[in-house]
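So the chains spell out like this:
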Protein chains: 4
Amino acid sequence: MTLLTTTSSPKPKPLMPTMDVQARPDERQVALTHAGIQKLLLPWAFKDNTPLVVSEQQTPIQLALSVTLPPEIKGAHMSRFVRDSNQWRDNAPLSLQSLKPLLAQLTQSLQSSSAQLTARFTWFVDKIAPVSQLSAPLGYEIVIRTSLDASQQLTTHLTLTLPMATLCPCSKEISDYGAHNQRAYLTVRMDIAEEALHTVSLTQLINELETTASCPVFPILKREDEKWVTERQYDNPQFVEDVVRDAVVLLRQHKGLNGFYVSVEALESIHAHNAFAQTAEGSLSEAILL
Amino acid sequence: MTLLTTTSSPKPKPLMPTMDVQARPDERQVALTHAGIQKLLLPWAFKDNTPLVVSEQQTPIQLALSVTLPPEIKGAHMSRFVRDSNQWRDNAPLSLQSLKPLLAQLTQSLQSSSAQLTARFTWFVDKIAPVSQLSAPLGYEIVIRTSLDASQQLTTHLTLTLPMATLCPCSKEISDYGAHNQRAYLTVRMDIAEEALHTVSLTQLINELETTASCPVFPILKREDEKWVTERQYDNPQFVEDVVRDAVVLLRQHKGLNGFYVSVEALESIHAHNAFAQTAEGSLSEAILL
Amino acid sequence: MTLLTTTSSPKPKPLMPTMDVQARPDERQVALTHAGIQKLLLPWAFKDNTPLVVSEQQTPIQLALSVTLPPEIKGAHMSRFVRDSNQWRDNAPLSLQSLKPLLAQLTQSLQSSSAQLTARFTWFVDKIAPVSQLSAPLGYEIVIRTSLDASQQLTTHLTLTLPMATLCPCSKEISDYGAHNQRAYLTVRMDIAEEALHTVSLTQLINELETTASCPVFPILKREDEKWVTERQYDNPQFVEDVVRDAVVLLRQHKGLNGFYVSVEALESIHAHNAFAQTAEGSLSEAILL
Amino acid sequence: MTLLTTTSSPKPKPLMPTMDVQARPDERQVALTHAGIQKLLLPWAFKDNTPLVVSEQQTPIQLALSVTLPPEIKGAHMSRFVRDSNQWRDNAPLSLQSLKPLLAQLTQSLQSSSAQLTARFTWFVDKIAPVSQLSAPLGYEIVIRTSLDASQQLTTHLTLTLPMATLCPCSKEISDYGAHNQRAYLTVRMDIAEEALHTVSLTQLINELETTASCPVFPILKREDEKWVTERQYDNPQFVEDVVRDAVVLLRQHKGLNGFYVSVEALESIHAHNAFAQTAEGSLSEAILL
């Protein structure tokens, strides 16, 4: 084991390095799918494809940026990822449609055949209370993962996570009164075809997907709203399995999806552990790791 | 600003350091309340003061260990914290009563007037389903913070976090049927007098404190249990304010507490945000930071 | 134990509740220091007191809002916290000086003698690479905790967390070459007097406090910058104890602070655990819980 | 949108449910790959395949347990997962070889064609300081994901995460003295063939994989060890790309792997963001989602 082999003096250093260490040849014959940076936080904006609501929001966006490294190249020039992404902020907000040119720029800056970008941020949608009609924004976690391969093929995965309520059908049925309910989180990942990117709206997807809940959650609920929400939950019991299935039925109707993955986790109010269900179809059906 | 002051060669190094850097004098006139290590994970055991259940559990314990540093000492000898705590594992399980000699050893090893130890671990209590009587263990997060000061005064803060269910009294009252409920977490911190440490049992405290819930949570619930639990929740609505108050009433009856802090956070099933309430009495009444 | 007492029918419900459940009297004689909501996320803006850089930033702000509850009041009207805070966003950005009127409004809306607000967000400061002068924003975690008590006394705690590098003085001294270094996090909490709030700038504090590092961290570093930063670290070794002490020396010079707390945690590159040091002075000297 | 459709009375309930809700037919034609529970924590033990060290450790294990649900079945009987897994604890420690019969039992209990189990826990390995030879345990995060499909085919993914130090080759080369280094985390996921499960030892893999670091991390380091470790880091600079490649070279030599995935994330001491690299081969080469 190399651990116990020590030396008493450092390796000699060349007086004047004439070539970046990163650019030197590597002899291990190992290609890397990704080399880059993670958890870079930048203040930026995201623009959504929807004419009905405020469609651009300023927000910190957490980025992962990387390129593919062939076996013979030792390392990526990490500083270029930060330089490039910092410049992007001046030009335009991030959007599902702005990603391809950014990835193309990375492949050029980093002299690589393909590049990947992941962006994480919070997207707010105004939620209107069902009776009082009082409105306030609710934040949803968004993850966009995208890659551009050597043949200029773009792959885009959009992931949305929605808080919601589920009320247990079994508890309702077996109990003389009441039914346990709880906050649950629905996560949907969609593999969106390049030609469909301009049709996808975060706000619209969120509004559509939360109909799978026993009842959506709201920021403001007055007394009359709380009554409505409580009864709505009770009238509409949903197992985690039901939420996943209803989401699948919705997503199957979407044109432009190569595939999708759906998962629901419910923070059971009767247990300290969670119930979950998940499934996937199309291009993502093999992507679930066990 | 020192940032822009650079130098072209490193500071000269003494050929043979004759004194540890940490032991050298410091001239800034700043005493440190804590200098030490955090997030040290060790496999160990904790022993609870209870004759009724399995009272010793093997578990990873995450430790923070530190000493007070007077203004004239530059640094603590960090490796001694690891050496000492690793030796403790051979002698005996950790317990509320074993802490004082460990702290005394740290003050000697580190040549300091006072020492502090924080231990975090999971403690399991068997929970019995209310009807089927099926039993399984449920894990509770425990934090023990303790310090020994220059006059050999021991201070011990025990913190327990309990998952539980709360059902909203308002939702029940205003709704024709149903009532929203959710998982909530009750956190209790107790400042335990030294002479009372031998009377405190984690298992007993957990069993006692979870009666403040609308209904406790259980690992295993068969159909008949789920009916019982659902109806129990509905029969026993509790705001977060009620859980805190019921816990305060319980804790006031405990002898041997110098003070306590109680907090409840409910993961509302009708919102994406949480409801919370908290209060403190006795020695901890000033400890809540805003 | 109440756990085993069940009933076969729910408590009778009044046909028409004439008074909110929350407004009813409570007989347990337990005052609550806080009753409110947590983890409410709103898109808003923060405005900093500095003329030198962009001083207002749009960002999601995570809020905790609460009021004190006297023993005789059963619960707080939770929806009012959301309604009020959502309205604030229309009027003005959040700032250290805007907090008092917001708290005053909460005491009125919730009919309480005192109110508390905690705001968490990321504040970006442009960092300029030391040689290339390339600039990019770096995000810092900010927490502002504030309370208004029954005598209209405002308390404001500002907490900043700064990533930075520390290089170990001991490692440098005992080694023939090299010295271990790592990312560390400096956390400073300041209790700011009301009359000094208009003098405090997040950007200025961050720039000032990061001089306590062996070297600050930067988003963009070209080759020439990386050389500078590497050598700067080596020239300026700092234990966690040193960073805390240097921060204390800086903070003692600040007028308008009633007290402060300083903590540093270094993610040691030679261990899997962390080194830490902390201390406090003035009004916060008793606030460190062990 | 269904959101605005409310009803004034709950759905009628059958007087005596004669069949579990979960067992009823479902008409949406959506199969679920997983339906089950997550974040169930049980005190258990894990047994490693190694004769050289203490090979069985008591520890809390966090479990996810699930089965595949055909389109026509409404829901899984969630309580059976807890009942079964709680019984397993009495029989034997968990091990890589004990998983298949547990999964087989789940398929029977839940009447499903296939089942999945994920186990997360901390595994401790004694690390010996390089000069003083002082020893203490270091904890590593382990995740075992396994599934048994309808044809009784077992798939087992073992994931290890190792803390380690990396020292930047570029920083060393361009600087007159010093070199930035930091804690990094190497994550390796292995798809282990069923017939090779009895040959795999966590302890052995950890010891082998940490040779890819600039230097491993240790719990206890005396002065002489710290000198050794500091110089070892400096003598052995490694980019994240190098660590991944060295791990790939090691893993290619392992018999019994259908494929593997390797990722390294370094908490750069010169940045607030992280460097990362990753790649995959064999059965896992398609498993990286972008």
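Residues numbered from 1 in each chain as written. Chains lettered and ligands numbered in written order. Predicted model: local features only at pLDDT ≥ 70, side-chain atom pairs only at ≥ 80, totals over all residues. Heavy atoms only, no water.

Engineer: What is the right way to read the relation of the copies chain B and chain C from this model?
Structural biologist: Both copies of the chain are placed relative to one another by a rotation about an axis and a shift along it. Taken as rigid bodies, chain B and chain C are interconverted by a rotation of 180 degrees and an axial shift of 0.0 Å, the fit giving an RMSD of 0.0 Å. Those values place the two copies in the arrangement expected of a two-fold rotation axis. Taken together, the interface assignments show that 98% of the residues at the interface of chain B recur at the interface of chain C, consistent with an identical surface on both copies. (Least-squares fit on C-alpha atoms with pLDDT ≥ 70 in both. Contact = heavy atoms within 4.5 Å.)

Engineer: In this structure, what is going on with the interface of chain C and chain A? I would like to understand it.
Structural biologist: By a frequent convention, interface size equals the accessible area lost on bringing the separate parts together. On the side of chain A, 29 residues touch chain C, which itself brings 29 residues to the contact. Regarding the contact of chain C and chain A, the summed buried area is about 2,400 Å², with carbon and sulfur atoms giving 62% of it. The largest contributions to the chain C side of the interface with chain A come from Phe124, Tyr177 and Arg223 of chain C, which together make up 21% of the buried area. For the interface between chain C and chain A, the tally reads zero salt bridges. At the junction of chain C with chain A, the criterion picks out two residue pairs in polar contact (both at pLDDT 80 or more). Contributing elements (two or more residues each) for the side of chain C that touches chain A: strand 1 (32-47), strand 2 (56-69), helix 1 (78-91), strand 3 (115-128) and strand 4 (135-148) of chain C. The dominant element in the side of chain C that touches chain A, judged by the number of residues it contributes, is helix 1 of chain C, at five residues. In the side of chain C that touches chain A, the residues fall into 14 nonpolar, nine polar and six charged. (Buried area = accessible area lost by both parts, 1.4 Å probe. Salt bridge = Lys/Arg side-chain N within 4 Å of Asp/Glu carboxyl O. Polar contact = N/O pair within 3.5 Å; in protein donor to acceptor, adjacent residues only side chain to side chain. Helix = DSSP H or I, 4+ residues; strand = E, 2+ residues; numbered from the N terminus. Nonpolar A, V, L, I, M, F, W, Y, C, P; charged D, E, K, R; others polar.)

Engineer: What exactly am I supposed to notice about the packing of aromatic side chains here?
Structural biologist: The geometry of two aromatic rings is summed up by the distance between their centres and the angle between their planes. By the definition in use, this model includes 16 aromatic pairs over all chains. These aromatic residues form a ring-pair network of at least three members: Phe46, Phe121 and Trp123 of chain A. Cation over ring: Lys172 of chain B sits above Tyr234 of chain B, and NZ or CZ is 4.7 Å from the ring centre. (Phe/Tyr/Trp six-rings, centres within 6.5 Å; stacked < 30°, edge-to-face > 60°. Lys NZ or Arg CZ within 6 Å of the ring centre and 35° of its normal.)

Engineer: Looking at this model, I keep getting lost on the packing of helix 1 (residues 78-91) of chain A against helix 2 (residues 99-109) of chain A. Mind explaining?
Structural biologist: Helices that pack against each other are described as a pair by the angle of their axes relative to one another and the distance between those axes. Residue and element names in this part refer to chain A. Remark: helix 1 packs on helix 2, axes separated minimally by 10 Å, with the N-to-C direction vectors making an angle of 145 degrees. Between helix 1 and helix 2 lies a crossing whose hand is right-handed. Between helix 1 and helix 2, the residues in contact are Arg80, Phe81, Arg83, Asp84, Gln87 and Trp88 and Leu102, Gln105, Leu106 and Ser109, respectively. For the contact of helix 1 with helix 2, the class distribution of residues is four nonpolar, three polar and three charged. (Axes fitted to C-alpha atoms, helices over the stretch in contact; angles between N-to-C directions. Left-handed = near helix turned anticlockwise from the far one by under 90°.)

Engineer: Is there a simple way to think about the pattern of salt bridges in this case?
Structural biologist: Two side chains with opposite charge may pair up if their charged atoms get near one another. Under the defined criterion, the tally for this structure stands at 40 salt bridges over all chains. The partner of Arg28 of chain B in a salt bridge is Asp242 of chain C, and the shortest N-O contact between them spans 2.6 Å. Placement of Arg28 of chain B in the segment before strand 1 (32-47) and of Asp242 of chain C in helix 6 (residues 240-252) is noted, with the two residues assigned to different chains. Put simply, Glu194 of chain D and Lys100 of chain D hold a salt bridge, and the shortest N to O gap is 2.8 Å. Taken together, the residues Glu194 of chain D in the loop between strand 6 (181-192) and helix 4 (202-209) and Lys100 of chain D in helix 2 (residues 99-109) connect sequence positions 94 residues apart. Exposure remark for Glu194 of chain D: the relative accessible area of 32% places this residue in the partly exposed category. Beyond isolated ion pairs, a larger network of salt bridges with shared partners links Arg28 and Lys74 of chain A together with Asp242 and Asp246 of chain D. (Buried < 20%, exposed > 50% of the residue type's maximum accessible area, 1.4 Å probe, protein only.)

Engineer: For this particular structure, what's the right way to read the interface of chain B and chain C?
Structural biologist: Contacts between the two partners involve 92 residues from chain B and, on the opposite side, 90 residues from chain C. Across the interface of chain B and chain C, roughly 7,400 Å² is buried in total on both sides, 55% from carbon and sulfur atoms. Connecting chain B to chain C are eight salt bridges. Residue Asp246 of chain B is joined to Arg28 of chain C by a salt bridge in which the shortest nitrogen-to-oxygen separation is 2.6 Å. Our count for the contact surface shared by chain B and chain C stands at 34 residue pairs in polar contact (both at pLDDT 80 or more). Along the lines of polarity and charge, the residues of the side of chain B that touches chain C split into 45 nonpolar, 26 polar and 21 charged. Where strand 9 (residues 274-282) of chain B lies against strand 1 of chain C, five bridges are found, and the strand directions are antiparallel. Residue pairing for strand 1 of chain C: Ala275 of chain B is matched across the bridge by Ile37 of chain C. (Pairing = 2+ DSSP bridges.)

Engineer: Before we go on, may I ask you to explain the pairing of strand 6 (residues 181-192) of chain C in this structure?
Structural biologist: Residues and elements named next belong to chain C. Most of strand 6 is tucked away: eleven of the twelve residues are buried. Summarising the sheet, strand 6 and strand 8 (residues 257-266) pair through nine bridges and their orientation is antiparallel. Looking at strand 8, one finds that Thr187 is bridged to Ser263.

Engineer: What is the right way to look at the environment of Thr199 of chain A in this model?
Structural biologist: Residues and elements named next belong to chain A. Counting through the fold element by element, Thr199 comes out in the loop between strand 6 (181-192) and helix 4 (202-209). Along the backbone, Thr199 and Asp48 are 151 residues apart, and their C-alpha atoms lie at a distance of 9.9 Å. Within the local environment of Thr199, its side chain forms a polar contact with the backbone oxygen of Ala196, the two atoms lying 2.6 Å apart.

Engineer: Help me understand the side chain of Ser171 of chain A in this model?
Structural biologist: Mapped onto the elements, Ser171 of chain A comes out in helix 3 (residues 169-174). With a relative accessible area of 0%, Ser171 of chain A lands in the buried category.

Engineer: I would appreciate a short explanation of helix 4 of chain A in the present structure.
Structural biologist: Two residues of an α-helix separated by three or four positions point the same way, owing to the 3.6 residues in each turn. Residues and elements named next belong to chain A. Along helix 4, the residues that are buried comprise Leu202, Thr203, Leu205, Ile206 and Leu209. One side of helix 4 carries all its buried residues, which in axial view fall inside an arc of 165 degrees. In the core, the buried residues of helix 4 are packed alongside strand 1 (32-47), strand 3 (115-128), strand 4 (135-148), strand 5 (154-167), strand 6 and helix 6 (240-252). Taking the backbone nitrogen of Thr203 as reference, a side-chain oxygen 3.4 Å away marks Ser201 as the first, capping residue of helix 4. (Arc of directions from axis to C-beta.)

Engineer: What exactly am I supposed to notice about helix 2 (residues 99-109) of chain C here?
Structural biologist: For helix 2 of chain C, every residue scored as buried is listed here: Leu99, Leu102, Leu103, Leu106, Thr107 and Ser109 of chain C. A positive phi of about 50 degrees marks Gln111 of chain C, the residue just after helix 2 of chain C.

Engineer: Please clarify how the environment of Tyr261 of chain D should be interpreted in this entry.
Structural biologist: Residues and elements named next belong to chain D. Assignment of secondary structure puts Tyr261 in strand 8 (residues 257-266). On the accessibility criterion, Tyr261 (18% relative accessible area) is buried. Sequence spacing of Tyr261 and Leu284 is 23 residues, and the spatial spacing of their C-alpha atoms is 6.2 Å.

Engineer: Even after reading the chapter, I still don't get the pairing of strand 5 (residues 154-167) of chain C, so can you show me in this structure?
Structural biologist: Each regular strand displays side chains that alternate between the two surfaces of the sheet. Residues and elements named next belong to chain C. Taking burial as the measure, the 14 residues of strand 5 include 13 buried ones, the bulk of the element. Direction of pairing for strand 4 relative to strand 5: antiparallel, over a ladder of eight bridges. The residue bridging Ile142 from the neighbouring strand is Leu160, located in strand 5. What sits between the antiparallel neighbours strand 4 and strand 5 is a turn of five residues, in which Gln152 has the positive phi angle 65 degrees. Pairing of strand 5 with strand 6, which is carried by twelve bridges, proceeds in the antiparallel orientation. Among the inter-strand pairings, Leu167 is bridged to a residue of strand 6, identified as Asn181. Two elements, strand 5 and strand 7 (residues 215-216), share two bridges in a ladder whose sense is antiparallel. The residue bridging Ala165 from the neighbouring strand is Cys215, located in strand 7.

Engineer: Would you explain the confidence of the model for chain A in this entry?
Structural biologist: Segments scoring low in pLDDT should not have their predicted coordinates read at a detailed level. Residue and element names in this part refer to chain A. Taken over all residues, the pLDDT of chain A has a mean of 91, while the share at 70 or more is 91%. Confidence over residues 1-17 falls short of pLDDT 50; this stretch has 31 contacts with residues more than four positions distant or in other chains. Model confidence for the complex: the whole-complex pTM is 0.93, and ipTM, which rates the interface, is 0.91. (pLDDT = per-residue confidence, 0-100.)

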